Amino acid sequence: MSAVSDRLPTFPWDKLEPYKKTAAAHPDGIVDLSVGTPVDPVPELIQKALVAAADSPGYPTVWGTPELRDAITGWVGRRLGARGVTHRHVLPIVGSKELVAWLPTQLGLGPGDRVAFPRLAYPTYEVGARLARAEYEVYDDPTRLDPQGLKLLWLNSPSNPTGQVLGKEELTRIVAWAREHGVLVFSDECYLELGWEADPVSVLHPDVNGGSYDGVVAVHSLSKRSNLAGYRAAFLAGDPAVLGPLLEIRKHVGMMTSAPTQAAAVAALGDDTHVREQRERYAARRAVLREALLGHGFRIEHSEASLYLWATRDESCWQTVAHLAERGILVAPGDFYGEAGAQFVRVALTATDERIAAAATRLSA
């Protein structure tokens, strides 16, 4: 019997190791802009909430505490403009990556079922389809897909890796098409708080979904907005007919967020000040990096939101990776995200101010 790992592609980040060694040999040290992992401190009010809940000897619930569900419903109403969201419309998850990877399996998809995701996309969408033995395909415009057998449509706005944002009219058109053809929409909106040259809109907004959550679920994470990647705190919001069965499945397999993390998430969702402060940090870093990359001969496409600059010198992405590694800067090659990224690199904003400044200095030399 074939091992599950045989269904999966080679883990892409392993290919970066030689370039990481090159970059690390720089006299002033590496500037690692390859992985979008937060580097700034967890806000104090969130740390205090975590510590206060540290004495949690009992098992947490998969559905989360009532306080957490209240915090989620309050946030999606306040921040996303969602209306009529109750506890039945929300579900905590253990970080968004596990949900993306296991969703097709939990939905009962398999051979003959199709999963679709953007042509340039987070690799885990494909991994999820492979784990379920479902078929998968990429798209530029999802409404041009053959809906026959299409069971799961992933949207990603703002996009990882490109930072592209789907406008309200575009989202409305896609949701209407999916409903017409009975296709379930999951919208990965983990970077929604980080719009720079665009104001991202959620599929939960009534202007997009017509006031109904039928066939629509949004995925949100606290990793980037609140520096909680190490906590594994995220949630789903949308169609109760989808979330109810997922809740039952996740109860059986013990996919529960730790009790201290749930308490921390309540604090994070209830405070907007730390989100604005973190946005300001990223905006400043983005401005410095963008100017430095343009001055070094790069062209930047999309990148109107999210934590990345999608940049190219119109050459092989690996040639660009090598070029920057010689300068002590590590970035992600665009082909990690699909063949269409073969001449791009993804440059993360997730480094300290000092390291961002170091990268800019090296690019201007």
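It should be emphasised that the depicted structure is a prediction, and the values quoted were computed from it without experimental measurement.

## Regarding empty space enclosed by the protein
(1) Moving on: The full count for this structure, using the stated rule, is three cavities of 30 Å³ or more.
(2) Moving on: Estimates place the volume of the largest cavity at around 70 Å³.
(3) Moving on: Forming the boundary of the largest cavity are Leu-68, Ile-72, Pro-92, Ile-93, Leu-222, Ala-233, Ala-234, Phe-235, Thr-257, Gln-262, Ala-265 and Leu-269.
(4) Moving on: At the level of secondary structure, the elements contributing two or more residues to the lining of the largest cavity comprise α3 (66–80), β2 (90–93), β8 (234–238) and α9 (259–269).
(5) Moving on: Among the elements that make up the lining of the largest cavity, the one with the highest residue count is α9 (three residues).
(6) Moving on: Partitioned by chemical class, the residues of the lining of the largest cavity number ten nonpolar, two polar and no charged.

## Remarks on the packing of aromatic side chains
(1) Moving on: Scanning the entire structure with this criterion turns up 13 aromatic pairs.
(2) Moving on: Centroid distance Trp-318 to Phe-336: 5.9 Å. Interplanar angle 65°. Geometry classified as edge-to-face. One end of the pair, Trp-318, is in helix α11 (residues 317–325); the other, Phe-336, is in the loop between β12 (332–333) and β13 (344–348), with 18 residues separating them in the sequence.
(3) Moving on: Taking relative accessible area as the criterion, Trp-318 reaches 19% and is therefore assigned buried.
(4) Moving on: Owing to a relative accessible area of 8%, Phe-336 belongs among the buried residues under this scheme.
(5) Moving on: Through successive ring pairs, a cluster of aromatic residues spans Trp-13, Tyr-19, Trp-310, Trp-318, Phe-336, Tyr-337 and Phe-344.
(6) Moving on: Note that Arg-69 overlies the ring of Trp-63, its terminal NZ or CZ placed 3.8 Å from the centroid.

## Some words on the pattern of salt bridges
(1) Moving on: In total, this model carries 22 salt bridges according to the counting rule given.
(2) Moving on: Between Glu-248 and Lys-251 there is a salt bridge, with the nearest N and O atoms lying 3.3 Å from each other. Placement of both Glu-248 and Lys-251 in helix α8 (residues 240–253) is noted, with a separation of three residues, approximately one turn of the helix.
(3) Moving on: Residue Glu-248 is classed as partly exposed on the basis of its relative accessible area, which comes to 40%.

## Considering the sheet that holds strand β3 (residues 114–118)
(1) Moving on: Spatially, β2-β8-β7-β6-β5-β3-β4 is the arrangement adopted by the seven strands of the open sheet, whose pairing is mixed. Each end of this open sheet is capped by a strand with a single partner; those strands are β2 and β4 (135–139). Within this sheet the neighbouring strands show an average axis-to-axis angle of 20°, counted without direction.
(2) Moving on: For β2 and β8, the ladder comprises four bridges, and the chain directions are antiparallel. In the strand pairing of β8, Val-90 is matched with Ala-237.

## Details of the environment of Val-216
(1) Moving on: Along the chain, Val-216 falls in strand β7 (residues 216–221).
(2) Moving on: Distance in space between the C-alpha atoms of Val-216 and Ala-241 is 9.9 Å, their sequence separation being 25 residues.
(3) Moving on: Filtering out sequence-adjacent residues up to four positions away, Val-216 remains in contact with Val-175, Arg-179, Val-185, Val-203, Ala-237, Gly-238 and Asp-239.

## Looking at the pairing of β7
(1) Moving on: The element β7 is largely enclosed, with a buried count of six among its six residues.
(2) Moving on: Side chains Val-216, Ala-218 and His-220 of β7 all project onto a buried face; the interleaved residues Val-217, Val-219 and Ser-221 project onto the opposite face, where all are buried too.
(3) Moving on: Alignment of β7 against β8, held across five bridges, turns out to be antiparallel. In the sheet register, Ser-221 faces β8, and the bridge partner there is Ala-234.

## Some words on the layout of surface pockets
(1) Moving on: The calculated volume of the largest pocket comes to roughly 1200 Å³.
(2) Moving on: For the lining of the largest pocket, the elements supplying multiple residues, two or more each, are α4 (96–106), β3 and α5 (124–131).
(3) Moving on: Considered as a void within the structure, the second largest pocket measures approximately 380 Å³ in volume.
(4) Moving on: Lining the second largest pocket we find 20 residues, and of these Pro-118, Leu-120, Asp-140, Thr-162 and Gln-164 sit closest to its centre.
(5) Moving on: Taken together, the elements giving at least two residues each to the lining of the second largest pocket come down to β5 (150–156) and α6 (168–180).
(6) Moving on: A per-class count over the lining of the second largest pocket returns eleven nonpolar, five polar and four charged.

Calculation rules
Residues numbered from 1 in each chain as written. Predicted model: local features only at pLDDT ≥ 70, side-chain atom pairs only at ≥ 80, totals over all residues. Heavy atoms only, no water. 1 Å grid on protein atoms, 1.4 Å probe; cavity = no way out; pocket = protein on both sides within 12 Å on 5 of 7 lines; lining within 4 Å. Points joined across faces, edges and corners; volume = space filled by probe spheres on them. Helix = DSSP H or I, 4+ residues; strand = E, 2+ residues; numbered from the N terminus. Nonpolar A, V, L, I, M, F, W, Y, C, P; charged D, E, K, R; others polar. Phe/Tyr/Trp six-rings, centres within 6.5 Å; stacked < 30°, edge-to-face > 60°. Buried < 20%, exposed > 50% of the residue type's maximum accessible area, 1.4 Å probe, protein only. Lys NZ or Arg CZ within 6 Å of the ring centre and 35° of its normal. Salt bridge = Lys/Arg side-chain N within 4 Å of Asp/Glu carboxyl O. Pairing = 2+ DSSP bridges. Axes fitted to C-alpha atoms, helices over the stretch in contact; angles between N-to-C directions. Contact = heavy atoms within 4.5 Å.

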